[in-house]
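Now for the letters of each chain:
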Amino acid sequence: MMRTVLALLWMPLMARAETVALVGGRVITLAGDPIEEGTVVLQGGKIVSVASGKASPAGARAIDCAGKTITPGLVAADTRIGIVEISLETTARDNAVAGEPYEDQNHAAFRVADALNPRSTLVPVARLEGVTSSVTAPEGGLVAGQSAWIDLAAPDRARMLAEPSLAMHANLGGDALGAAGGSRGWALVRLREMLDDARTYAATKAAYDRNQSRALAGSRLDLAALGQVVRGRQPLAVHVDREADILAALDLARDEKIRIVILGGAEAWRVGAALAAAKVPVLIDPTDNLPSSFDSLQSRLDNAARLAQAGVRVGITLRGESHNARTLRQRAGLAAAWGMPHDEALAAASRNVAQAFGMEARYGTLEPGRVANVVVWTGDPLEISTQVAHVFVGGEEMPLVSRQTELRERYRVVPPK
């Protein structure tokens, strides 16, 4: 019995130590031109080589990928994977901190990583559609808290948490009205105050601890967390849609000298030149084509294409999805259908997200040294009829099963009466 348990514990480690060669597929590296017939070698959880031809290292497990496409794993941005299991059940949700709007606006210290459920049934559901990483983010309030970069690996918390404090998330525009007395302007005032007080706290921490400073806009933990933003160590991800609010966010970033990422950006196409000049990445939802509120009256399906043409780094946001994060490549395909170059649309679901959050040295492209999050597709990944043939997370091949597929197989055949 003990030998069996030890064997099971060692299986993931052995799988990661295995050398795997993906041979003969069309390789879209997103770091250069596609390789029409290439080989990608994985070992020790990393990509060790990407080359033209079909040469496989001695001792490697070779997988024939002829006629298939090999790409980096997809990155689902702004999801609730791992923190929301059942949306209508409070005990199965860890996505937000509840509180009175005026008394509890700053939740900067809240990290979704601390509530991560590595055995979420939604992990394999997303992985079956080529999603290998998630930017799992909090929501609500003015400063919602910190997102995490999660690899959709086996149910192992340490392996899944690639970056537990990825970005700070804040709401402006219509999403901030409830936490700012109904005024967009007051939301900006409060956010500026929080950033300024984070600097004050860092400079006068000893006096604050002795209760010898003025009242500050947040607890010591929240102010310490925001210190990462004002020192440039962490980006501020701003959830905002309206053109005027996007421009206000750009002013905030310039005045406070902080890095920001725009999430949502339904009307971002109207200010593409300003976003490009400020070098601010924008993560949009390519399915936004109708106004869901007065903040998105100018939504249009070619938002991604227009932003890319203006020189903006464009990614895709899933706007808080957890159960339907698997629709990521469908959204990328929609961006391509409305004018975004094919490989750039694929990059918007992988490389560009990694770049936006400072993770490009580890994710988003097929290059030696990158984390071996790799997907082999039966065809073009942006075609809805294409399926996943193989998916690797951290160099380990993942089973192509989920609770949904198991239920399908269980009830596929109706037993005779």
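Up top is the structure these notes are about.
Residues numbered from 1 in each chain as written. Predicted model: local features only at pLDDT ≥ 70, side-chain atom pairs only at ≥ 80, totals over all residues. Heavy atoms only, no water.

1. Here's the deal with the overall build of the protein
Link 1 in the chain: Across its full length, the protein carries 13 helices and 18 strands.
Link 2 in the chain: Taking 417 residues into account, the globule formula puts the C-alpha radius of gyration at 22 Å, and the protein, at 22 Å, falls close to it.
Link 3 in the chain: For the protein, the C-alpha atoms occupy an extent of roughly 65 × 55 × 55 Å along the three principal directions.
Link 4 in the chain: A buried classification covers 52% of the 417 residues belonging to the protein.
Link 5 in the chain: Looking at the protein alone, contacts between residues at least 24 apart form 66% of all its contacts between residues at least 6 apart.
Link 6 in the chain: Of the roughly 18500 Å² that the protein leaves accessible, carbon and sulfur atoms contribute 53%.
Link 7 in the chain: One way to put it: in the protein the 45 positive side-chain charges average out to a point 4 Å from where the 46 negative ones average out. (Helix = DSSP H or I, 4+ residues; strand = E, 2+ residues; numbered from the N terminus. Rg over C-alpha atoms; globule rule 2.2 N^0.38 Å. Buried < 20%, exposed > 50% of the residue type's maximum accessible area, 1.4 Å probe, protein only. Contact = heavy atoms within 4.5 Å. Areas by Shrake-Rupley, 256 points an atom, 1.4 Å probe, with all protein chains shown as cover. Lys, Arg positive; Asp, Glu negative; His and termini not counted. Charge placed at Lys NZ, Arg CZ, Asp CG, Glu CD.)

2. A short note on empty space enclosed by the protein
Link 1 in the chain: The final tally for this structure, using the stated rule, is one cavity of 30 Å³ or more.
Link 2 in the chain: For the largest cavity, the calculated volume is near 50 Å³.
Link 3 in the chain: Classifying every residue of the lining of the largest cavity by side-chain character gives four nonpolar, six polar and one charged. (1 Å grid on protein atoms, 1.4 Å probe; cavity = no way out; pocket = protein on both sides within 12 Å on 5 of 7 lines; lining within 4 Å. Points joined across faces, edges and corners; volume = space filled by probe spheres on them. Nonpolar A, V, L, I, M, F, W, Y, C, P; charged D, E, K, R; others polar.)

3. Observations regarding the layout of surface pockets
Link 1 in the chain: Taken as a whole, the largest pocket spans an internal volume of roughly 300 Å³.
Link 2 in the chain: Lining the largest pocket are 18 residues, and of these P124, R127, P155, P399 and V401 sit closest to its centre.
Link 3 in the chain: Tallying contributions element by element places helix 2 (residues 122-127) first for the lining of the largest pocket, with three residues.
Link 4 in the chain: Here the residues of the lining of the largest pocket sort into nine nonpolar, three polar and six charged.

4. Re the environment of A332
Link 1 in the chain: Within the secondary structure, A332 sits in helix 10 (residues 328-337).
Link 2 in the chain: Relative accessible area serves as the criterion here: at 0%, A332 is assigned to the buried category.
Link 3 in the chain: Taking C-alpha positions, A332 is 33 Å from A17, a pair spaced 315 residues apart along the chain.
Link 4 in the chain: Not counting the four nearest positions on each side in its chain, A332 is found in contact with I316, A345, A349 and L382.

5. Things to note about the sheet that holds strand 15 (residues 314-321)
Think of a sheet as strands paired side by side through backbone hydrogen bonds, with each pair either parallel or antiparallel.
Link 1 in the chain: Taken in spatial order, the 10 strands of this open sheet run 8-11-12-13-14-15-6-7-9-10, and their pairing is mixed. For this open sheet the edge positions go to strand 8 (143-146) and strand 10 (161-163), each flanked by a neighbour on one side alone. Averaged over all neighbouring strand pairs, the angle between strand axes comes to 30°, with direction disregarded. (Pairing = 2+ DSSP bridges. Axes fitted to C-alpha atoms, helices over the stretch in contact; angles between N-to-C directions.)

6. Topic: the packing of helix 4 (residues 184-203) against helix 7 (residues 243-256)
Link 1 in the chain: Direction vectors running N to C along helix 4 and helix 7 enclose 20°, while the axes themselves pass 12 Å from each other. The angle between the axes of helix 4 and helix 7 places the two elements in the roughly parallel class. In this structure, the crossing between helix 4 and helix 7 has a hand that is right-handed. Within the contact between the two elements, helix 4 uses R184, L188, L191, R192, L195 and R199 and helix 7 uses D245, A248, D251, L252, D255 and E256.
Link 2 in the chain: In terms of residue class, the contact of helix 4 with helix 7 is made up of five nonpolar, no polar and seven charged. (Parallel < 35°, antiparallel > 145°, perpendicular 65-115°, else oblique. Left-handed = near helix turned anticlockwise from the far one by under 90°.)

7. So, the side chain of Q234
Link 1 in the chain: Counting through the fold element by element, Q234 comes out in the loop between helix 6 (220-230) and strand 12 (236-240).
Link 2 in the chain: For Q234, a relative accessible area of 2% puts it in the buried group.
Link 3 in the chain: At a separation of 3.3 Å, a polar atom in the side chain of Q234 contacts the side chain of Q146. (Polar contact = N/O pair within 3.5 Å; in protein donor to acceptor, adjacent residues only side chain to side chain.)

8. Some points on the environment of A325
Link 1 in the chain: When you line up the elements, A325 lands in the loop between strand 15 and helix 10.
Link 2 in the chain: In this structure A325 comes out as buried when scored by relative accessible area, which is 0%.
Link 3 in the chain: Ignoring anything within four residues of it in the chain, the contact list for A325 reads A76, T79, I81, A126, V131 and L318.

9. Observations concerning the pattern of salt bridges
A side chain with one charge can pair with a side chain of the opposite charge if their charged atoms come near.
Link 1 in the chain: Within the structure shown, the criterion is met by 31 salt bridges.
Link 2 in the chain: Put simply, R61 and E18 hold a salt bridge, and the shortest N to O gap is 2.8 Å. You can see R61 sitting in strand 4 (residues 61-64) and its partner E18 sitting in the loop between helix 1 (2-17) and strand 1 (20-27), a full 43 residues away along the chain.
Link 3 in the chain: Relative accessible area serves as the criterion here: at 31%, R61 is assigned to the partly exposed category.
Link 4 in the chain: Among the salt bridges present, the one from R412 reaches E409, with a minimum N-O distance of 2.6 Å.
Link 5 in the chain: By relative accessible area, which is 52% here, R412 ends up exposed.
Link 6 in the chain: The class of E409 is partly exposed, set by a relative accessible area of 42%.
Link 7 in the chain: Through salt bridges with shared partners, a single network forms among R192, R199, D251, R254, D255 and E256. (Salt bridge = Lys/Arg side-chain N within 4 Å of Asp/Glu carboxyl O.)

10. Structural notes on the nonpolar core
Link 1 in the chain: Core analysis: the largest hydrophobic core is formed by 82 residues, its most contacted members being L236, I260, I262 and L275.
Link 2 in the chain: Dropping the residues within four chain positions of it, L236 is found in contact with M168, A170, L191, V229, L252, I258, R259, I260 and V261.
Link 3 in the chain: A77, A162, L166 and A356 belong to the second largest nonpolar core, which has 18 residues in total. (Core = buried A, V, L, I, M, F, W, Y, C linked by side-chain atoms within 4.5 Å.)

11. As for the packing of helix 4 against helix 6
Each packed pair of helices is defined by two parameters, the angle between the axes and the distance between the axes.
Link 1 in the chain: One way to put it is that helix 4 packs onto helix 6 with a least axis distance of 8 Å and a crossing angle of 100°. In this view, helix 4 runs roughly perpendicular relative to helix 6, as classed from their interaxial angle. On the side of helix 4, the interface is formed by M194, L195, D197, A198, R199 and Y201, while helix 6 contributes R220, L223, A224, L226, G227, V229 and V230.
Link 2 in the chain: For the contact of helix 4 with helix 6, a count of residues per class yields nine nonpolar, one polar and three charged.

12. Quick notes on unusual backbone geometry
Link 1 in the chain: Look at L30: it is not a glycine, yet its phi comes out positive at around 60°.
Link 2 in the chain: Relative to the elements of secondary structure, L30 occurs in the loop between strand 1 and strand 2 (35-43).
Link 3 in the chain: The backbone phi angle of N211 is positive, close to 60°, even though this residue is not glycine.
Link 4 in the chain: Tracing the backbone through its elements, the reader meets N211 in the loop between helix 5 (205-209) and helix 6.

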